Amino acid sequence: MQMSEMGNISALITRIENRLADELSKDLFHARLKNMIYRNVDELRNDILDIAEKYSWEWEVYQMDRMCESFSGIKGIVIFGSGVNGKYIYRLFKGSKYRNIPILFCDNNKEIWGKKVLGCDVISPEELRVTYSDCICVIGSSKYRQGIMEQLLQEGFPNKNILYPYIGLLFGIVGWQYFDYLTPEDNEIFVDGGVYDGGTSGDFVKWANGKYQAIYGFEANPYCIDRCKKYYNINGIYNVEFVEKCMWNERTKMSFSSNHSGASRISDVGNIVVEADTIDNVLGGRRVTFIKLDIEGAEYYALLGAERTIKKYRPRMALSVYHKPQDIIELPALLLEFDDSYRFALRQYSSTADETVLYVY
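Residues numbered from 1 in each chain as written. Predicted model: local features only at pLDDT ≥ 70, side-chain atom pairs only at ≥ 80, totals over all residues. Heavy atoms only, no water.

**Concerning the nonpolar core**
Grouped together as the largest cluster of nonpolar side chains are 85 residues, with contacts concentrated most on Phe93 and Leu335. Tallying contributions element by element places helix α13 (residues 327-338) first for this core, with 7 residues. Sequence-distant contacts of Leu335, that is, excluding residues within four places in its chain, are made with Leu303, Ile310, Met317, Leu319, Tyr342, Phe344 and Val360. Leu182, Ile225, Cys228 and Ala318 belong to the second largest nonpolar core, which has 23 residues in total. (Core = buried A, V, L, I, M, F, W, Y, C linked by side-chain atoms within 4.5 Å. Buried < 20%, exposed > 50% of the residue type's maximum accessible area, 1.4 Å probe, protein only. Helix = DSSP H or I, 4+ residues; strand = E, 2+ residues; numbered from the N terminus. Contact = heavy atoms within 4.5 Å.)

Dropping the structure here:
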């Protein structure tokens, strides 16, 4: 990289930082910048937990909450795996309502039995089975989680007491994603980029207190389209134009990876082909007040395809900036090209490296 390019990037970073609303936004911005450079997701998670501690967030750990519904009281938590993920889970619990419950680590590494990790005793699998079978055992390894699960069951640890994170890593959430920073105005017009199951449109209606003019819902995944329409009907969400296309910077056809999850996306190795179009084309000059984009890495191209709309109406936005490391710079930089008066705020909604939202106003 030439010195002139480095200087330009430094000036751009400073320009964006000067538009950030508060210290929390700056802390998250710096954490994301560091991740953009070093691409270390474990370090980013630790940075997010550091920020959570600084601002006294309390994580909601839904998987643990559901687990505890069948317990009259929790005698203790044992995290099986004392590596990076196990330590992360410990910190997650310490930032949640479970902070005062005794925690131990269990590990297959004999060298650390009887020692301490993060101030907690490390026990053997045998000790776990014999002495702590009435505790909740959380599998604290992504790589070896299936093997640990099989080991626990083979050794007779109660299945009902095992918490197996279904995405491979326990996570906590905080806040009301997309809607806890901006204040609704009269007659909001909402672009929901990535409808998925309709829940975000439902949250928008609540946020707007039912006083809105229209919703434009973009969703290209065939597995989701019927579910979204059903959600709208059941919940009485009206004045909706449902757009069965993915968002892009031109009208075209795209290869799309389609499945039942919320991670479906435009992909060169997709299993179907879908229609793509721009916000400008779909709206055809119509007004919009609020744009939400969570479209698995296509956010930059969707904004390119909304240039006329943004310049004409200056909508506020809630944009996911975690799918690509460079989004933390490229998205706000593009928006400042469109309208130099925009300001920004950043908020975090997950204890993992996901769910960082850039608010634009």
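**Points about the pattern of salt bridges**
One pass over the structure, following the stated rule, counts 26 salt bridges. A salt bridge links Asp22 to Arg347; the shortest N-O distance between them is 2.6 Å. Linking Asp22 in the loop between α1 (3-17) and α2 (23-38) with Arg347 in strand β16 (residues 344-348), this pair joins segments that are 325 residues apart in sequence. Overall, Arg347 belongs to the buried group, its relative accessible area being 16%. Notably, a salt bridge pairs Asp192 with Lys292, separated by 2.8 Å at the nearest N-O pair. Here Asp192, found in strand β7 (residues 188-193), pairs with Lys292, found in strand β14 (residues 290-293); they are 100 residues apart in sequence, far enough to count as distant. The buried category is assigned to Asp192, whose relative accessible area is 0%. (Salt bridge = Lys/Arg side-chain N within 4 Å of Asp/Glu carboxyl O.)

**Details of the packing of aromatic side chains**
Scanning all chains against the criterion turns up 20 aromatic pairs. Pairing Tyr90 with Phe105 gives two aromatic rings, centres 6.1 Å apart and planes at 40°, and the pair type is tilted. With a gap of 15 residues between them, Tyr90 in helix α5 (residues 84-94) and Phe105 in strand β2 (residues 103-106) connect regions that are remote in the sequence. The class for Tyr90 is buried, based on a relative accessible area of 14%. Residue Phe105 is classed as buried on the basis of its relative accessible area, which comes to 0%. Through pairs of rings, three or more aromatic residues link up here, namely Trp176, Tyr178, Phe179, Phe190, Phe204, Trp207, Tyr212, Tyr238 and Phe290. The ring of Tyr178 carries the charged tip of Lys292 above its face, separated from the ring centre by 5.3 Å. (Phe/Tyr/Trp six-rings, centres within 6.5 Å; stacked < 30°, edge-to-face > 60°. Lys NZ or Arg CZ within 6 Å of the ring centre and 35° of its normal.)

**Considering the packing of helix α3 (residues 41-54) against α5**
Two elements in contact, α3 and α5, have axes separated by 11 Å at closest approach and are oriented at 15°. Between α3 and α5, the angle is such that the two are roughly parallel. α3 and α5 meet at a crossing whose hand is left-handed. In this structure, α3 uses Asp42, Arg45, Asn46, Leu49, Asp50 and Glu53 to contact α5, whose residues at the interface are Val84, Asn85, Tyr88 and Arg91. (Axes fitted to C-alpha atoms, helices over the stretch in contact; angles between N-to-C directions. Parallel < 35°, antiparallel > 145°, perpendicular 65-115°, else oblique. Left-handed = near helix turned anticlockwise from the far one by under 90°.)

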